[in-house]
Amino acid sequence: GINAEYGKQWYQRRVRGVRHLPLGVFLLALLLAVLRVTSTRFLTVTVGGLATSWIYLRYFQLRDTGRGDFSEALSFASFFPESAQPHVLKYSTAVSSVVDGMLQKRRATKTVDLMSLSPNVNIIADPVTERRRQIALQALNERLQKLMM
């Protein structure tokens, strides 16, 4: 997880070589797995950690401008050399579309504060909600009339 953040920070500062730290960590894990110094679980955990940390930084990290960092400096492909970026871009685009789809479903299920809407907006509600709204409006009008007298 730290690798992606370092890669992002160092990339923005234009420090040479550190920009590809996530690729270096991946290649080291791959080399250790191929040489059987470590198990393939280490490689799996490394790849999963890199992907998870990128998804967090890209979509969920709280910032002054909102959630996530959608700048080009944090695209997943930018952590790799220019020669590998087209290949990585295929997979990162697929992951991005899956995460975007999941986030859109999550955003669609959020509740809306009806009081924040303008009064000119037509709200289609179930009969129970409409009945409660009418009772509340009637009670509010009665209170206002008592205050006016």
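Please read all numbers here as calculations on a predicted model, not as lab measurements. (Residues numbered from 1 in each chain as written. Predicted model: local features only at pLDDT ≥ 70, side-chain atom pairs only at ≥ 80, totals over all residues. Heavy atoms only, no water.)

What is the right way to read the packing of aromatic side chains from this model?
Centre distance and the angle of the planes are the two values used to describe a pair of aromatic rings. Throughout the structure, instances matching the rule amount to one aromatic pair. Measuring from centroid to centroid gives 6.3 Å for Trp54 and Tyr59, while their planes differ by 80°, and the two rings are edge-to-face. Accessibility classification places Trp54 together with Tyr59 in one group, the buried group. (Phe/Tyr/Trp six-rings, centres within 6.5 Å; stacked < 30°, edge-to-face > 60°. Buried < 20%, exposed > 50% of the residue type's maximum accessible area, 1.4 Å probe, protein only.)

What is the right way to read the packing of helix H2 (residues 21-34) against helix H3 (residues 40-60) from this model?
In helix packing, the relevant descriptors are the interaxial angle and the interaxial distance, both defined with respect to the helix axes. Remark: H2 packs on H3, axes separated minimally by 8 Å, with the N-to-C direction vectors making an angle of 165°. Relative to H3, H2 is oriented roughly antiparallel. Once H2 is placed against H3, the crossing between them reads as left-handed. Residue-level inspection shows Pro22, Val25, Phe26, Ala29, Leu30, Leu32 and Ala33 of H2 in contact with H3, the latter providing Thr40, Phe42, Leu43, Thr46, Val47 and Leu50. Tallied by class, the residues present in the contact of H2 with H3 amount to eleven nonpolar, two polar and no charged. (Axes fitted to C-alpha atoms, helices over the stretch in contact; angles between N-to-C directions. Helix = DSSP H or I, 4+ residues; strand = E, 2+ residues; numbered from the N terminus. Parallel < 35°, antiparallel > 145°, perpendicular 65-115°, else oblique. Left-handed = near helix turned anticlockwise from the far one by under 90°. Contact = heavy atoms within 4.5 Å. Nonpolar A, V, L, I, M, F, W, Y, C, P; charged D, E, K, R; others polar.)

Explanation requested: the pattern of salt bridges in the structure shown.
Close approach of charged atoms allows side chains with opposite charge to pair. Applying the stated criterion across every chain, the model contains two salt bridges. Across the salt bridge formed by Asp69 and Arg63, the nearest N and O atoms sit 3.9 Å from each other. Classification of Arg63 as partly exposed rests on a relative accessible area of 34%. A salt bridge links Glu130 to Arg133, with the nearest nitrogen and oxygen atoms 3.0 Å apart. (Salt bridge = Lys/Arg side-chain N within 4 Å of Asp/Glu carboxyl O.)

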